[in-house]
Amino acid sequence: MLRSLSDVQADFAAALRDPAIPPPAGVVGPDGGPAPRRFAVYRNNVLVALGNALAGAFPAVGRIVGEEFFRAMARNYVLETPPTSPVLLDYGVTFPDFIAGFEPAASLPYLPDVARLERAWREAYHAADAKPLGAADLAGIPPEDLPDAVFSLHPSLRIVPSRFPIITIWRMNVSDVPPSPVDFAVGEDALIVRPDAEVEVRVVPPGGVAFVDALAAGETLGSAAVIGEASDSRFDLSGNIAGLISAGAFVDFRRQPEPAPW
Amino acid sequence: MLSQNPDFHSSRIPSRVGVGLKPEHYKAILGESPDVGWFEVHAENYMGAGGPPHRYLTAIRERYPLSLHGVGLSIGAAHPLDRDHLLRLKALNERYEPGLFSEHLAWSTHDSVFFNDLLPIPYDEESARRVSDHIDEVQDTVGRRMLLENPSTYVAFVESTIGEIEFLTEVAKRTGCGLLLDVNNVHVSCTNQHWNATDYISRFPVELVGEIHMAGYAPEEDDHGDPLLIDAHDRPADPAVIALYAHAVSRAGPVPTLVEWDNDLPDWPTLFEEARRVEAVLLGADTPEEADVALAV
């Protein structure tokens, strides 16, 4: 009996997803007979196309581990976590976590964080556009109102904390600068933002990760500063604010509304 | 349709050769304003919220007509279309006002897994009904006519009861959609399925064709050591495909033709030369009576 379209596609999809499953019955060559090599073209297309998508999104990871290793790692990820949307700009969100659990990559403990930086870079690249506030826009806030100010952060802004020098490693692997010795003991927390056409990657100063996270959560500047100080005694409020302004991290601000009178 | 964006170039796709737009060539194109008839983009690459892709595409759209080509809608799926994706396609059509809008006779999604490949379907009444329903939904939602592209295939199905051309013609008749004739796909599929490619072009309903695609393929071998051609888009069009193209335009007239090159991407001058090579064939075509119909898309 001939199968329904739904069954044909269910069989086809199952065999695409699991190389151990033989090509579906009813899928034939021009002679009407079984054609495993022909079906293998589709299997290969899927793995290559999705592998290419990952290679394009994680160029530094690819350069660090080499083409062959990357292809094998990507193949494992694709089979385990195929995309669920035809918009491949969004594919690979969980690839850094996968790398963290990928045994053959365990000798490169910084690799998952480099992948997180690349994912954040890609999200910033495709994020909504917004015009950042300049220093002049913020100069108008009366000093006594500053602690109660709540900032809207740029939609492209991402923070990737790391105990490894991920910015240094990433830069070395996405540009042609000659490699130099890296002190793997010095961590770099990364701030990624695209204020205009170019994605910028900067080192976050001490306490800055907790500070920016608090601002992103809608805390006032005053309470975010307390949180920043609590996370690192070296926290420097004005230095952090100046750095965020020059990075184009703020797009709007408002004074927190007065508490309701009851 | 009157343009909503006064800065945009006319929407109408001219009877010339266009080129598939790649990010690697944005700067060369904006710097040189090359004499190219139009550009085509894969819709899915412009579904981010913002950023450089939209800026470049807007700048190029101000200078050239644009065609929008979807590669992920899965029109051939037994399952319902992804409404969110359909709405994204509608939004892109409204934003960029493309002169042509096309998708594939294929499926790519099953149980919410996206395979990122153009997978084949059996040609029978059930598929024709399903594909026609989906195309009706696309045209109703997006609010315009679409072109449906003939696929490259590597396998056949025992379920198939009618030929590929009959299937495409029937779907176009039921839905009012036009057809996108990919001549490289014709050569690839005819070689792989042991059909006669010249005969395929001779029988194709050229009055429905609103656009032609040209590309390169990679030669492999099947289970019996026979040629198996892969739709690779990684090199210039093969001489056999150029010959089929000349045959196609001798029948259809000067239909807007796209040069696709998606893998092993060359530099812009090489791609531009390939477009000129194909355009020489297009401009050499006589204009038969069907041409007026074909261009009225």
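Quick caveat, the model's predicted, so the values are computed rather than measured.

**Looking at unusual backbone geometry**
Residues and elements named next belong to chain B.
Thinking step 1. With phi around 55°, Asn-116 is a residue other than glycine that occupies positive phi space.
Thinking step 2. Counting through the fold element by element, Asn-116 comes out in strand β6 (residues 113–119).
Thinking step 3. Phi at Asp-264 takes a positive value of approximately 45°, unusual for a residue other than glycine.
Thinking step 4. Considering the arrangement of structural elements, one finds Asp-264 in the loop between β13 (257–259) and α9 (268–283).

**Regarding the packing of helix α6 (residues 111–126) of chain A against helix α8 (residues 166–174) of chain A**
Two numbers describe a pair of packed helices, the interaxial angle and the distance between the axes.
All names here are of chain A.
Thinking step 1. Running from N to C, α6 and α8 point in directions that differ by 70°, and their axes come no closer than 9 Å. Taken together, the axes of α6 and α8 are roughly perpendicular relative to one another. Every pair of crossing elements has a handedness; the one defined by α6 and α8 is right-handed. Listed contacts from α8 to Asp-113, Val-114, Leu-117, Glu-118 and Trp-121 of α6 are Ile-166, Ile-167, Ile-169, Trp-170 and Val-174.

**Description of the packing of helix α6 (residues 183–193) of chain B against helix α8 (residues 239–252) of chain B**
All names here are of chain B.
Thinking step 1. One way to put it is that α6 packs onto α8 with a least axis distance of 9 Å and a crossing angle of 120°. With respect to α8, the axis of α6 lies oblique. Remark: the crossing between α6 and α8 carries right-handed chirality. Along its contact with α6, which presents Val-183, Asn-184 and His-187, the element α8 presents Ala-240, Val-241, Leu-244, Tyr-245 and Ala-248.
Thinking step 2. Of the residues assigned to the contact of α6 with α8, the class counts are six nonpolar, two polar and no charged.

**Topic: the environment of Ala-10 of chain A**
Thinking step 1. Here Ala-10 of chain A is to be found in helix α1 (residues 5–17).
Thinking step 2. With 77 residues separating them along the chain, Ala-10 of chain A and Val-87 of chain A place their C-alpha atoms 22 Å apart.

**Overview of the sheet that holds strand β5 (residues 200–203) of chain A**
Residue and element names in this part refer to chain A.
Thinking step 1. One open sheet accounts for three strands, arranged β3-β4-β5; its pairing is antiparallel. The open sheet has two edge strands, β3 (158–160) and β5, and neither has a second partner. Within this sheet the neighbouring strands show an average axis-to-axis angle of 25°, counted without direction.
Thinking step 2. In terms of strand pairing, strand β4 (residues 190–193) meets β5 through four bridges, oriented antiparallel. Residue pairing across strands places Val-193 opposite Glu-200, the latter belonging to β5.

**Here's the deal with the sheet that holds strand β1 (residues 17–20) of chain B**
All names here are of chain B.
Thinking step 1. Spatially, β1-β2-β3-β4-β7-β9-β10-β13 is the arrangement adopted by the eight strands of the closed barrel, whose pairing is parallel. Taken pair by pair, the neighbouring strands of this sheet meet at an average axis angle of 30°, ignoring direction.
Thinking step 2. Pairing of strand β4 (residues 100–104) with strand β7 (residues 147–149), which is carried by three bridges, proceeds in the parallel orientation. Counterpart to Ser-102 in the pairing with β7 is Leu-147.

Criteria and thresholds
- Residues numbered from 1 in each chain as written.
- Chains lettered and ligands numbered in written order.
- Predicted model: local features only at pLDDT ≥ 70, side-chain atom pairs only at ≥ 80, totals over all residues.
- Heavy atoms only, no water.
- Helix = DSSP H or I, 4+ residues; strand = E, 2+ residues; numbered from the N terminus.
- Axes fitted to C-alpha atoms, helices over the stretch in contact; angles between N-to-C directions.
- Parallel < 35°, antiparallel > 145°, perpendicular 65-115°, else oblique.
- Left-handed = near helix turned anticlockwise from the far one by under 90°.
- Contact = heavy atoms within 4.5 Å.
- Nonpolar A, V, L, I, M, F, W, Y, C, P; charged D, E, K, R; others polar.
- Pairing = 2+ DSSP bridges.

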